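So you can see what is in the structure, the chains are spelled out below.
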Amino acid sequence: MSLLSKVKEAWVGLRAGRVTLAYPAAPAPAPERFRGRPIFDAAKCIGCAGCANNCPAREILVYDVCQEIRILKYLGRRCTYCGRCADVCPENAITMSREFETATPRIGDLQQRIELFMSTCQRCGRCFDPPSKLDELKLRGYRFDDLENERWIFRSSAYLEGQPVVDDVPLEMD
Amino acid sequence: MLRQLCRKMFGRSLWVYHANSGGCNGCDIEVLNALTPYYDAERFGIKLVGSPRHADVMLCQGPAMRSTARALRRAYEAMPAPKLVFAIGSCACGGGVWHDSYAVLGPVEKIVPVDFYIPGCPPRPEAILYGVALALGLVDKKIVPAEVRAEVLPVPKYHPEDLRREEEVTVYTKAEKF
Ligand code: SF4
Ligand code: SF4
Ligand code: SF4
């Protein structure tokens, strides 16, 4: 009886076929509408910082070294792949790729850093015409985010310069 | 070196302990999804265990929260060495969209040392499998940091002697040269 049930079970199992995906031995590309890692195209970017100001995760940092050079740093570590940066970018410099194989032992591997040459407007220094209501929330002018400590600075007086990000939490163990 | 160590230490199978320190449950669902027969993480010897004392690997989801940081740390210390920590999801990797909230301390690496990061919100089950396969040395790392610099800065140099007065406007005669 028990042997018969085992045979029956084996037969059911064989008939069901194989459902398991062969990944990672075989590639399994993401579906067409999947949003993966945003890719920045330095040639198209005009450095308006629209992406930085609309990113919900405050993921893109902007640092104005001087009037002519603006550094745009995408951290990658807390990006939610929401695609908002690609939506607001007036130059379509950001593409949401279908890349999902982004696991890494070093979080710095996910960074993208663009150094941009900025032309100078004599009136405001940085010009960007907001095309919609959402874009009016944008901050214009100069930005001095903390690139080393990966912090977004929004005219905050609570921020203390040089605060480390890692290992700054005192933990008492009982 | 880490990979060789992994291969040596974890040659047979990884028992994973699934720790959520305050995520939204999205990543938990994807981790459990990766354990279903369709993705079948058990073919790499991965087994979900209920206690950190039985585990080789801790899968961290969610940011390090003020309320759960201590519990997370204690769970990490309860695991027998050698131990690996995977940060799954953008919350665990970098604090996620809540990173500047008063209740969130930040990424889990503030509390426990993280060995592998799997970003995504939530990461696809394939991405989690890829991360595990990377740790086991079955696949190669695909991601590299990108950096683009403006090589030559086209800063125009204005010389007052090149300014000409033409029909009521001042024209810079060398303007097309830069
Ligand atoms: S995809 Fe969303 S979270 Fe990621 S950088 Fe763009 S706006 Fe920020
Ligand atoms: S929104 Fe587009 S053009 Fe503006 S800074 Fe971002 S990537 Fe560059
Ligand atoms: S990374 Fe996204 S899906 Fe995962 S716990 Fe955080 S918010 Fe939820």
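(A) Quick look at the overall build of chain A. When helices and strands are tallied, chain A shows three helices and five strands. Each helix and strand of chain A, ordered N terminal to C terminal, gives the series α-β-α-β-β-α-β-β. Scored against the burial criterion, the 174 residues of chain A give a buried share of 45%. Looking at chain A alone, contacts between residues at least 24 apart form 67% of all its contacts between residues at least 6 apart. Split by element, the accessible area of chain A, about 10,300 Å² in all, is 54% carbon and sulfur.

(B) Representation of the nonpolar core. Counting 31 residues, the largest nonpolar core has Y23 of chain A together with I46, V57, L59, F86 and I88 of chain B as its most contacted members. Those elements giving two or more residues to this core turn out to be helix 2 (26-34), strand 3 (57-61), strand 5 (84-88), strand 7 (116-118) and helix 5 (125-136) of chain B. Of the residues forming this core, the biggest block, nine residues, is contributed by helix 5 of chain B. The residues contacting L59 of chain B, other than those within four sequence positions of it, are V16, Y17, H18, A19, V31, F86 and I88 of chain B. Listed in part, the 25 residues of the second largest apolar core include A55, C60, A64 and L105 of chain B.

(C) Quick peek at the state of the cysteines. All names here are of chain B. All chains considered together, the criterion is met by zero disulfides over all chains. No disulfide involves C93; its sulfur sits 8.7 Å from that of C27, the nearest cysteine. Judged by its relative accessible area of 0%, C93 falls in the buried class.

(D) Region of the structure containing the site of ligand 1. The environment of ligand 1 is formed by 13 residues, the closest being C55, C79, C82, G83 and C85 of chain A. Looking at the shell around ligand 1 residue by residue, the classes come out as nine nonpolar, two polar and two charged.

(E) Focus on the confidence of the model for chain B. With 80% of its residues at a pLDDT of 70 or more, chain B has an overall mean of 81. Under the prediction, the complex receives an ipTM of 0.72, its pTM being 0.77.

(F) Broad picture of the interface of chain A and chain B. In this assembly, 49 residues from chain A lie in contact with 52 residues from chain B. Both sides of the chain A and chain B interface together cover about 4,400 Å² of buried area, and 63% of this is carbon and sulfur. Where chain A meets chain B, there are four salt bridges. Note that R113 of chain A is salt-bridged to E147 of chain B, the shortest N-O span being 3.5 Å. Applying the counting rule to chain A against chain B returns 14 residue pairs in polar contact (both at pLDDT 80 or more). Per element, the largest residue contribution to the side of chain A that touches chain B is five residues, and it comes from strand 5 (residues 112-117) of chain A. In terms of residue class, the side of chain A that touches chain B is made up of 28 nonpolar, eight polar and 13 charged. Across three bridges, the pairing between strand 5 of chain A and strand 8 (residues 146-148) of chain B is parallel.

(G) Summary view of helix 2 of chain B. For helix 2 of chain B, the full list of buried residues reads G26, C27, D28, E30, V31 and A34 of chain B. Elements in contact with the buried residues of helix 2 of chain B: strand 1 (15-20), strand 3, strand 5, helix 4 (89-94) and helix 5 of chain B.

(H) Representation of the pattern of salt bridges within the structure. In the structure shown here, the tally under the stated rule is 10 salt bridges over all chains. With its nearest N and O atoms 3.0 Å apart, the salt bridge here joins E77 of chain B to R73 of chain B. Residue E77 of chain B and its partner R73 of chain B are located together in helix 3 (residues 69-78), separated by four residues, close to a single helical turn. Among the ionic pairs, R124 of chain B bridges to E126 of chain B, the shortest N-O distance being 3.7 Å. Neither residue differs from the other here; R124 of chain B and E126 of chain B are each classed as buried. One salt-bridge network, in which partners are shared between bridges, spans R106 and D109 of chain A together with K141 of chain B.

(I) Examining the sheet that holds strand 3 (residues 69-74) of chain A more closely. Overall, mixed pairing links the four strands, which are arranged 2(A)-3(A)-5(A)-8(B) in an open sheet. A single partner strand is all that each edge strand has here, and the edge strands are strand 2 (60-64) of chain A together with strand 8 of chain B. Within the sheet, the average angular offset between the axes of one strand and its neighbour, ignoring direction, is 15 degrees.

(J) How the structure looks around unusual backbone geometry. Residue and element names in this part refer to chain B. Along the chain, A81 connects to P82 via a cis peptide bond; the corresponding omega equals 0 degrees. Along the polypeptide, P82 turns up in the loop between helix 3 and strand 5. Backbone geometry at D40 places phi at a positive 50 degrees, although glycine is not the residue there. By the element assignment, D40 lies in the loop between helix 2 and strand 2 (47-49). On the basis of relative accessible area, D40 is assigned to the partly exposed category, the value being 22%.

(K) Molecular detail of the packing of aromatic side chains. Within this structure, the stated rule accounts for five aromatic pairs over all chains. Residues Y23 of chain A and F100 of chain A carry aromatic rings whose centres are separated by 6.1 Å and whose planes lie at 45 degrees to one another, so their mutual orientation is tilted. Of the two residues, Y23 of chain A sits in the loop between helix 1 (2-16) and strand 1 (38-40) while F100 of chain A sits in the loop between strand 4 (94-96) and strand 5, which places them 77 residues apart along the sequence. Exposure class is identical for Y23 of chain A and F100 of chain A. Each is buried. Pairing Y38 of chain B with Y39 of chain B gives two aromatic rings, centres 4.8 Å apart and planes at 75 degrees, and the pair type is edge-to-face. Over the face of the ring belonging to W15 of chain B we find K47 of chain B, whose NZ or CZ atom lies 4.6 Å from the ring centre. For R124 of chain B, the ring lying beneath its charged end belongs to F34 of chain A, and the centroid distance is 4.9 Å.

Conventions we followed
Residues numbered from 1 in each chain as written. Chains lettered and ligands numbered in written order. Predicted model: local features only at pLDDT ≥ 70, side-chain atom pairs only at ≥ 80, totals over all residues. Heavy atoms only, no water. Helix = DSSP H or I, 4+ residues; strand = E, 2+ residues; numbered from the N terminus. Buried < 20%, exposed > 50% of the residue type's maximum accessible area, 1.4 Å probe, protein only. Contact = heavy atoms within 4.5 Å. Areas by Shrake-Rupley, 256 points an atom, 1.4 Å probe, with all protein chains shown as cover. Core = buried A, V, L, I, M, F, W, Y, C linked by side-chain atoms within 4.5 Å. Disulfide = S-S within 2.5 Å. Near = heavy atom within 4 Å. Nonpolar A, V, L, I, M, F, W, Y, C, P; charged D, E, K, R; others polar. pLDDT = per-residue confidence, 0-100. Buried area = accessible area lost by both parts, 1.4 Å probe. Salt bridge = Lys/Arg side-chain N within 4 Å of Asp/Glu carboxyl O. Polar contact = N/O pair within 3.5 Å; in protein donor to acceptor, adjacent residues only side chain to side chain. Pairing = 2+ DSSP bridges. Axes fitted to C-alpha atoms, helices over the stretch in contact; angles between N-to-C directions. Phe/Tyr/Trp six-rings, centres within 6.5 Å; stacked < 30°, edge-to-face > 60°. Lys NZ or Arg CZ within 6 Å of the ring centre and 35° of its normal.

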